[in-house]
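So you can see what is in the structure, the chains are spelled out below.
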Amino acid sequence: MTVKEEIERRRTFGIISHPDAGKTTLTEKLLLFGGAIQTAGAVKSNKIRKHATSDFMEIERQRGISVATSVMGFEYKEIKINLLDTPGHEDFAEDTFRTLTAVDSVIMVIDCVKGVEPQTRKLLEVCRMRNTPVIVFINKMDREGRDPFDLLDEIEKELKINVRPLSWPISIGKTFKGVYSLYEKSLILFTAGDKQTEKNAVTINDLDDGSIDSYVGESYAAKLREDVQLIEGVYDDFDKNDYLEGNICPVFFGSAVNNFGVKELLDCFIQIAPSPLPRETDIRMISPYDKTFTGFVFKIHANIDPRHRDRIAFLRICSGMFERNKNYYHVRENRTLKFSNPTAFMAQEKKHC
């Protein structure tokens, strides 16, 4: 594979939201679909004993919240994905703000019951400062929440962004049946299950297919067709360039804990999300295709292993290719240095490069 092909197959994104909207749960399910883990954990649950893979610190397991950004990489359909699960609580917002400097795009999770919340507004302002492309995932559709059209109106009004649904829920709460992918023009039905994968899905390629009625019922099928017709009439066609420029946010619906809508989100994400973008410095613009190795540290984490006094710096590579045992120039300290122990991360699992 050439360097150009290697660059273009990479996607680096962060997941952001207000606390308890479902960021870490969505992270677990993306890892599950990507084959990085076999069983999805839970942030806090009496039924699921396995903790979330990305919540690897003891305090996170005790409190049931994400405290530090976790960096995880996996491959999905030959696309290399780097996923950063950020803390939602405002006490740890600085960690999230720094992390957003290292990503090329963002998935914002919104609770369908609570809608837009204060931390959501702050995080989107940071994304808007850098024109970071944003995809919205409206979560917890398996709970009794608000009407999807009302949620879209609130997002546009409160966050002052244009939205375009690319998937649509079939009912909500106890009668939630699944989602219809407006991007793929297909209907995917799931049943709740922790180890579920796309093999459990039923795919129907035509919305006018009468078999939809047998799967979801005539009334729900009629409502779906009516909603999709309204969406196509009210919202402009999705334009990938508008999304990449930060002018429009694609919207997906689902339930991360039950796997609803997650695969549709991931399948669309790898097609529309940007590959590594140029980085602006005070001297020049750094292109990812430059041969010279460049990068910046966006996070330093101490005491990951409580048995040792260790610190690890998270580096975003902007251009070039990293080589082990090679000297690199440190701009701030005006000297060369060698990376003593380069490491690839999967939450608490470390692999030496």
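Details of the structure are given in the entry above.
Residues numbered from 1 in each chain as written. Predicted model: local features only at pLDDT ≥ 70, side-chain atom pairs only at ≥ 80, totals over all residues. Heavy atoms only, no water.

**Concerning the environment of V103**
Stage number 1. Note on placement: V103 falls in the loop between helix 4 (93–99) and strand 4 (105–111).
Stage number 2. According to the relative accessible area criterion, V103 is buried, its value standing at 4%.
Stage number 3. Note: C-alpha distance between V103 and P276 (173 residues apart in sequence) is 8.5 Å.
Stage number 4. If near-sequence neighbours (up to four positions away) are discounted, V103 is found in contact with T12, F13, G14, L84, R279 and R316. (Helix = DSSP H or I, 4+ residues; strand = E, 2+ residues; numbered from the N terminus. Buried < 20%, exposed > 50% of the residue type's maximum accessible area, 1.4 Å probe, protein only. Contact = heavy atoms within 4.5 Å.)

**Observations concerning the pattern of salt bridges**
Stage number 1. Following the criterion strictly, the structure yields 19 salt bridges and no others.
Stage number 2. In this structure, the salt-bridge partner of R121 is E158, at a minimum N-O distance of 2.9 Å. Of this pair, R121 sits in helix 5 (residues 118–129) while E158 sits in helix 6 (residues 148–159), placing them 37 residues apart in sequence.
Stage number 3. Judged by relative accessible area, which is 30%, R121 ranks as partly exposed.
Stage number 4. Across the pair D290 and R284 runs a salt bridge, and its minimum N-O distance is 3.2 Å.
Stage number 5. With relative accessibility at 42%, the residue R284 sits in the partly exposed group.
Stage number 6. Because the salt bridges share partners, they merge into one network encompassing E6, R9, R10 and E75. (Salt bridge = Lys/Arg side-chain N within 4 Å of Asp/Glu carboxyl O.)

**What to know about helix 6**
Stage number 1. Taking 1.5 Å as the rise per residue, helix 6 with 12 residues should run 16 Å; its terminal C-alpha atoms sit 16 Å apart, in good agreement.
Stage number 2. For helix 6, the set of buried residues is P148, F149, L151, L152, E154, I155 and L159.
Stage number 3. Measuring from the backbone nitrogen of F149 back to the side-chain oxygen at the start of helix 6 gives 3.0 Å, which picks out D147 as the cap.
Stage number 4. A positive backbone phi angle near 55° is found at K160, which sits one or two residues after helix 6. (Expected span 1.5 Å × (residues − 1). Polar contact = N/O pair within 3.5 Å; in protein donor to acceptor, adjacent residues only side chain to side chain.)

**Concerning the nonpolar core**
Stage number 1. In this structure, V134, V136, I138, I155, W168, L187 and L224 are the most contacted members of the largest nonpolar core, which totals 51 residues.
Stage number 2. Considering every element that reaches this core, the biggest residue donor is helix 6, with 5 residues.
Stage number 3. If we ignore the near neighbours within four places in the chain, the residues touching I155 are I110, V116, V136, I138, K160, I161 and V163. (Core = buried A, V, L, I, M, F, W, Y, C linked by side-chain atoms within 4.5 Å.)

**A few points about helix 8 (residues 218–234)**
Stage number 1. With 17 residues, helix 8 should cover 24 Å at 1.5 Å per step; its first-to-last C-alpha distance of 24 Å lies within 8% of that length.
Stage number 2. Three or more residues of helix 8 are buried, namely A221, L224, D227, V228 and I231. All buried residues of helix 8 lie within an arc of 125° about the axis, which places them on one face of the element. Every exposed residue of helix 8 that faces more than 90 degrees away from the buried side is listed here: E218, S219, E226, Q229, G233 and V234.
Stage number 3. Buried residues along helix 8 sit in contact with helix 6, strand 6 (162–165), strand 7 (167–170), strand 8 (178–181), strand 9 (186–189) and helix 7 (211–216). (Arc of directions from axis to C-beta.)

**A word on the side chain of D267**
Stage number 1. Position of D267 relative to the elements: it lies in helix 10 (residues 262–272).
Stage number 2. Exposure remark for D267: the relative accessible area of 9% places this residue in the buried category.
Stage number 3. Within the structure, D267 has its side chain in polar contact with the side chain of K77 (distance 3.1 Å).
Stage number 4. Among residues more than four places away in sequence, those in contact with D267 are Y76 and K77.

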